[in-house]
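Tertiary structure, described
The residues making up each chain are set out below.
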Amino acid sequence: MNISPKLIAGVLASCLLQLSIYIYFDQVLLAPASAFQVSASPGFNEVTSGKAYYSYDRRYMAIVQATDLKIYKMPGKQLIRTVKLDGQRQLSFFKWLEDRNLALMGLNYNEPSGSSRVILTQLNPVSDGHELATTIKGLPRDSKFADVVYSTATNVIYMQVQVSENPVLYRLYRTDANHDLKRIYLNTSRINRIGVLYDQDFLIFDDLIGNTVIARHGDGSWRIISPEVGKYRLVSVDKKNHINIARLNTNGLVQEVLTVDVKGKILYKKSLSTPLNISHVK
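Computed from a predicted model, the values in this text were never measured in an experiment.

Points about the overall build of the protein chain
Secondary structure assignment for the protein chain yields one helix and 20 strands. Out of the 282 residues belonging to the protein chain, those deemed buried represent 42%. For the protein chain, the proportion of contacts with a sequence separation of at least 24, taken over those separated by at least 6, is 38%. Carbon together with sulfur atoms contributes 52% to the accessible area of the protein chain, which is approximately 15,500 Å² in total.

Written out as structure tokens, the structure is:
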């Protein structure tokens, strides 16, 4: 049977048109307003020795070493600030703010008494000093910052402090523009990642006991925002208050990522072709 070349061309054109429509719906029309990232990063917010940390406009670069933190003016790599570190004064957190040339630096100390204290400071690359943001004292020995999330719109900062390695346990603290420091008590003893909404005082975290993701308001009220069925972990929160959460399969790997709002309404979801460890999804 002879097949007309025009017929073959028509079938191919029809297939290409359907493929184009599918790609448009999948990647454009139904694409999330906020994207999650897949990476090979071993941890969600570890300070890596020798890694370059750039400010939001790449005007400044910071490099953390075991003995110091150096800040350079770019381009040209002109050294403008050095913060000395030692065995007692260690750096466990560093992050540039997302909209200005200021950084948050978390230091931890072991006291002679056996307890620890952690200090979060705001670091200006062109100033010799730094503003003391908050100090937390009386912590178990070797306590350190695990993560710090903040909103420049509300001036609220949430600090996740690791107080034990075996088992891994955290304490959460909140401070604001008035430097009103409070410990946040949760309805779970085990959490992983934390996030905060851009312009509302909501702390977002995942409960490893209940396998849920929770939104906690500054007044103490809270709600579960992950679906009722399945096991979920927090991935990230963006500037549009979109919350990305991961659904785990029976092996504990990420099978699907959902984007929800603070009320738990699903805005978008995408399945991963290859299941991944949660530490590889940001």
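So, next bit.
Some remarks on the pattern of salt bridges
In total, this model carries eight salt bridges according to the counting rule given. Within this structure, Arg 174, Asp 176 and Asp 201 form a network of salt bridges that share partners.

Re the sheet that holds strand S16 (residues 222–224)
Spatial ordering of the open sheet is given by S13-S14-S15-S16, a layout of four strands whose pairing is antiparallel. A single partner strand is all that each edge strand has here, and the edge strands are strand S13 (191–196) and S16. Pairs of neighbouring strands in the sheet enclose a mean axial angle of 20°, with direction left out of account. Across six bridges, the pairing between strand S14 (residues 202–207) and strand S15 (residues 212–217) is antiparallel. Directly across from Asp 206, in S15, lies its bridge partner Val 213.

Quick word on the environment of Phe 145
Within the element layout of this structure, Phe 145 appears in strand S9 (residues 144–151). It is 4.5 Å that separates the C-alpha atoms of Phe 145 and Val 161, two residues lying 16 residues apart in sequence. The contact partners of Phe 145, leaving out residues within four places of it in the chain, are Ser 92, Phe 93, Gly 106, Leu 107, Val 118, Ile 119, Leu 120, Met 159, Gln 160 and Val 161.

Some words on the packing of aromatic side chains
In total, this model carries three aromatic pairs according to the counting rule given. Judged by centre distance (6.4 Å) and plane angle (20°), the rings of Tyr 60 and Trp 96 are stacked. Here Trp 96 lies in strand S5 (residues 90–96) and Tyr 60 lies in strand S2 (residues 60–64), a separation of 36 residues in the sequence. For Tyr 60, a relative accessible area of 8% gives the class buried. Their ring planes at 85° and their centres at 5.7 Å tell us that Phe 94 and Trp 96 sit as a pair that is edge-to-face. Judged by relative accessible area, Phe 94 falls into the buried class, the value being 3%.

What to know about the sheet that holds strand S18 (residues 243–248)
Ordered by their spatial adjacency, four strands build an open sheet running S17-S18-S19-S20, and the pairing between neighbours is antiparallel. Strand pairing shows two members of the sheet lacking a second neighbour, strand S17 (231–237) and strand S20 (266–276), which therefore form its edges. For this sheet the average axis-to-axis angle between neighbouring strands, irrespective of direction, equals 25°. Two elements, strand S19 (residues 254–260) and S20, share six bridges in a ladder whose sense is antiparallel. Residue pairing for S20: Val 254 is matched across the bridge by Leu 276.

Points about unusual backbone geometry
Trans is the common state for peptide bonds, and a negative phi is the common state for residues other than glycine. A cis amide bond links Met 74 with the next residue in sequence, Pro 75, at an omega value of -10°. Put simply, Asn 166 and Pro 167 share a cis peptide bond, and its omega is 0°. Even without glycine at this site, Asn 155 takes up a positive phi of about 60°. Take Asn 155: it is sitting in the loop between S9 and strand S10 (156–165). Residue classification places Asn 155 among the partly exposed residues on the basis of a relative accessible area of 43%.

Section: the environment of Leu 181
With respect to the secondary-structure elements, Leu 181 resides in the loop between strand S11 (168–175) and strand S12 (182–184). Classification of Leu 181 as partly exposed rests on a relative accessible area of 32%. Between the alpha carbons of Leu 181 and Ile 136 there is a distance of 8.6 Å; along the sequence they are 45 residues apart. Beyond its immediate stretch of four places on either side in the chain, Leu 181 contacts Thr 134, Thr 135, Ile 136, Met 159, Tyr 173, Arg 174 and Thr 175.

Focus on the pairing of strand S7 (residues 116–123)
S7 sits mainly inside the fold: six of its eight residues count as buried. Here strand S6 (residues 103–110) pairs with S7 via eight bridges, running antiparallel. In the strand pairing of S7, Leu 104 is matched with Gln 122. Count of turn residues in the S6/S7 antiparallel hairpin: five residues, of which Gly 114 carries a positive phi of about 105°.

A word on the confidence of the model for the protein chain
Residues with a pLDDT of 70 or more make up 82% of the protein chain, whose mean pLDDT is 84. Between residues 15–44, whose pLDDT stays under 50, and residues either more than four places distant or in other chains, the model counts 46 contacts.

What counts and how
Residues numbered from 1 in each chain as written. Predicted model: local features only at pLDDT ≥ 70, side-chain atom pairs only at ≥ 80, totals over all residues. Heavy atoms only, no water. Helix = DSSP H or I, 4+ residues; strand = E, 2+ residues; numbered from the N terminus. Buried < 20%, exposed > 50% of the residue type's maximum accessible area, 1.4 Å probe, protein only. Contact = heavy atoms within 4.5 Å. Areas by Shrake-Rupley, 256 points an atom, 1.4 Å probe, with all protein chains shown as cover. Salt bridge = Lys/Arg side-chain N within 4 Å of Asp/Glu carboxyl O. Pairing = 2+ DSSP bridges. Axes fitted to C-alpha atoms, helices over the stretch in contact; angles between N-to-C directions. Phe/Tyr/Trp six-rings, centres within 6.5 Å; stacked < 30°, edge-to-face > 60°. pLDDT = per-residue confidence, 0-100.

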